[in-house]
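Listed below are the residues making up each chain.
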Amino acid sequence: NAGVTQTPKFQVLKTGQSMTLQCAQDMNHEYMSWYRQDPGMGLRLIHYSVGAGITDQGEVPNGYNVSRSTTEDFPLRLLSAAPSQTSVYFCASSYGTGPQETQYFGPGTRLLVL
Amino acid sequence: GDSVTQMEGPVTLSEEAFLTINCTYTATGYPSLFWYVQYPGEGLQLLLKATKADDKGSNKGFEATYRKETTSFHLEKGSVQVSDSAVYFCALSARDTGRRALTFGSGTRLQVQP
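Model, not experiment: these values are computed from the prediction.

1. Let's talk about the interface of chain B and chain A
For step 1, the next point in the chain: On the chain A side, the residues contacting the 20 residues of chain B number 24 residues.
For step 2, the next point in the chain: Surface buried jointly by chain B and chain A totals about 1700 Å² across both partners, of which 53% is contributed by carbon and sulfur atoms.
For step 3, the next point in the chain: The tally of links from chain B across to chain A stands at zero salt bridges.
For step 4, the next point in the chain: For the pair chain B and chain A, the number of links is four residue pairs in polar contact (both at pLDDT 80 or more).
For step 5, the next point in the chain: At the level of secondary structure, the elements contributing two or more residues to the side of chain B that touches chain A comprise strand 5 (32–38), strand 6 (44–50) and strand 11 (102–104) of chain B.
For step 6, the next point in the chain: Examining the composition of the side of chain B that touches chain A, we find that four residues originate from one element, strand 5 of chain B, more than from any other.
For step 7, the next point in the chain: For the side of chain B that touches chain A, the per-class residue count stands at eight nonpolar, seven polar and five charged.

Here it is, written out as structure tokens:
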């Protein structure tokens, strides 16, 4: 199993450009989520999905869109990048519920918006 | 809402010293508690977890005990190594909601000197 994979590893954008951060998992996990990591703030939830065709907003959803057409993939779209979106983005997936649940994280995408 | 508070870093220790990183939480219901570790340039890895009061999670010489009465989950290790240098995140997962998302602390950077 490759686990959770993310592409690209690093990206530079200009203000107003759009892009999609890719996330895929091969563990057949129903639950997937996107976090952003900023210095001194830990990780904050952007969007999440409890299964194919179902998505919902997290703590900081503004400026980001998601869709979940398959169990494996959960892309994150920036429609018009802003400098405030400069961050490291992590995708995660998990199995189980309640006490059995464990979340697995991808290696991250570092995004710089100029 | 839910929150996690960690001691601020960086924490600088000499090899073989004793480590404590404090973590306290606020949550409704009865959360599961986690410690994640992030090595330089990598994503987050689950270090240990505990799902009910008085549970002790342990892994790689690290341990933490779920203390419901003090709402704490402090991370300890008896003898740190240079290879333990990383950022450590305390997190909780509230079971009562459908979001199944993790709420993270701000992270504590540990630097171990030879």
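2. Considering the nonpolar core
Burial of nonpolar side chains together is a common tendency in soluble globular proteins.
All names here are of chain B.
For step 1, the next point in the chain: Counting 27 residues, the largest nonpolar core has Leu-19, Trp-35, Leu-47, Leu-48, Phe-73, Leu-75 and Tyr-88 as its most contacted members.
For step 2, the next point in the chain: Contributing elements (two or more residues each) for this core: strand 2 (11–14), strand 3 (19–21), strand 4 (23–26), strand 5, strand 6, strand 8 (62–65), strand 10 (86–93) and strand 12 (108–113).
For step 3, the next point in the chain: With four residues, strand 10 is the largest single contributor of residues to this core.
For step 4, the next point in the chain: Those residues within four positions of Leu-47 in sequence are excluded, and the remaining contacts are Trp-35, Tyr-36, Val-37, Asn-59, Lys-60, Phe-62, Leu-75 and Tyr-88.

Criteria and cut-off values
- Residues numbered from 1 in each chain as written.
- Chains lettered and ligands numbered in written order.
- Predicted model: local features only at pLDDT ≥ 70, side-chain atom pairs only at ≥ 80, totals over all residues.
- Heavy atoms only, no water.
- Contact = heavy atoms within 4.5 Å.
- Buried area = accessible area lost by both parts, 1.4 Å probe.
- Salt bridge = Lys/Arg side-chain N within 4 Å of Asp/Glu carboxyl O.
- Polar contact = N/O pair within 3.5 Å; in protein donor to acceptor, adjacent residues only side chain to side chain.
- Helix = DSSP H or I, 4+ residues; strand = E, 2+ residues; numbered from the N terminus.
- Nonpolar A, V, L, I, M, F, W, Y, C, P; charged D, E, K, R; others polar.
- Core = buried A, V, L, I, M, F, W, Y, C linked by side-chain atoms within 4.5 Å.
- Buried < 20%, exposed > 50% of the residue type's maximum accessible area, 1.4 Å probe, protein only.

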